[in-house]
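Take a look at the letters that make up each chain.
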Amino acid sequence: MERDIARLRTVADYQFGAGAGHTLFPPGGSFDVSYSSGGRPRQVHAGGVRLVSYGTDGRFTLGVEGGRRLVGALAPPAVRVAVGEESIPFVRDGRNAFAKFVRAVDPDVRPGDEVAVVDGDDEVLGVGRAELSASAMADFDTGVAVSVRHGAGAPGDA
């Protein structure tokens, strides 16, 4: 399994940037990896909480805890879309983040990228897939900026 974790670290570094692999899967950490019938890693959990799922396209989709780990370790604005206060309760509940409410965004975000949606204090509100490029999020007043897959729930929820 350590070989699989090492491979997953490499994918994380490629997808999210240098250091992301060790952030998501720190050496010496305890991980539960579920596998497909073909033997390919599908989901990675730590402490009973999903960090990431590994898609058939070879990319990760983030769990809320995976988003928290990345936000805690990577310097802003990496892998982040920051939204205004008016969006906070909606994103926490797993609803989409709209371009109108985006306050800041990682300039490298492209449509289809996995991102963490954060508030002004860099607290993770949810995770999902960017629907617009960073420049479009900044310019547009309408449309979905991030399709939120999982909201973080109320403050203090896992």
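The model shown is predicted, which means the values in this text are computed figures rather than measured ones.

The next subject is the packing of aromatic side chains. In total, this model carries three aromatic pairs according to the counting rule given. Arranged with centres 5.8 Å apart and planes meeting at 85°, the rings of Phe25 and Phe31 form a pair that is edge-to-face. For Phe25, a relative accessible area of 0% puts it in the buried group. Judged by its relative accessible area of 7%, Phe31 falls in the buried class. Note on Tyr54 and Phe60: the rings are 5.4 Å apart at their centroids and 50° apart in plane angle, and the pair reads as tilted. Exposure remark for Tyr54: the relative accessible area of 17% places this residue in the buried category. You can call Phe60 buried: its relative accessible area is 1%. Among the aromatic side chains, those forming a connected cluster through ring pairs are Phe25, Phe31, Tyr54 and Phe60.

Now for the pattern of salt bridges. Inspection of the entire model under this criterion finds ten salt bridges. Glu65 is paired through a salt bridge with Arg69; the nearest N and O atoms lie 3.6 Å apart. Of the two residues, Glu65 and Arg69 both sit in helix 3 (residues 64-73), four residues apart, roughly one turn of that helix. We classify Glu65 as partly exposed; its relative accessible area is 24%. Overall, Arg69 belongs to the partly exposed group, its relative accessible area being 23%. One salt bridge in this structure joins Arg92 and Glu123, with 3.2 Å as the shortest N-O distance.

This paragraph deals with the side chain of Arg92. Relative to the helices and strands, Arg92 resides in helix 4 (residues 88-92). A distance of 3.2 Å separates a polar atom in the side chain of Arg92 from a polar atom in the side chain of Glu123.

Moving on to the sheet that holds strand 10 (residues 144-151). With respect to topology, six strands assemble into an open sheet ordered 6-10-9-8-5-7, the strand pairing being mixed. Of all the strands in the sheet, just strand 6 (97-98) and strand 7 (102-105) have a single pairing partner and so form its edges. Sheet topology note: the strand 5 (residues 80-83)/strand 7 ladder contains three bridges and is antiparallel. By the bridge assignment, Val81 is partnered in strand 7 with Val105. Sitting on the sheet, helix 3 touches strand 5, strand 8 (114-118), strand 9 (124-130) and strand 10, and the angle it makes with strand 9 is about 100°.

Parameters and conventions
Residues numbered from 1 in each chain as written. Predicted model: local features only at pLDDT ≥ 70, side-chain atom pairs only at ≥ 80, totals over all residues. Heavy atoms only, no water. Phe/Tyr/Trp six-rings, centres within 6.5 Å; stacked < 30°, edge-to-face > 60°. Buried < 20%, exposed > 50% of the residue type's maximum accessible area, 1.4 Å probe, protein only. Salt bridge = Lys/Arg side-chain N within 4 Å of Asp/Glu carboxyl O. Helix = DSSP H or I, 4+ residues; strand = E, 2+ residues; numbered from the N terminus. Polar contact = N/O pair within 3.5 Å; in protein donor to acceptor, adjacent residues only side chain to side chain. Pairing = 2+ DSSP bridges. Contact = heavy atoms within 4.5 Å. Axes fitted to C-alpha atoms, helices over the stretch in contact; angles between N-to-C directions.

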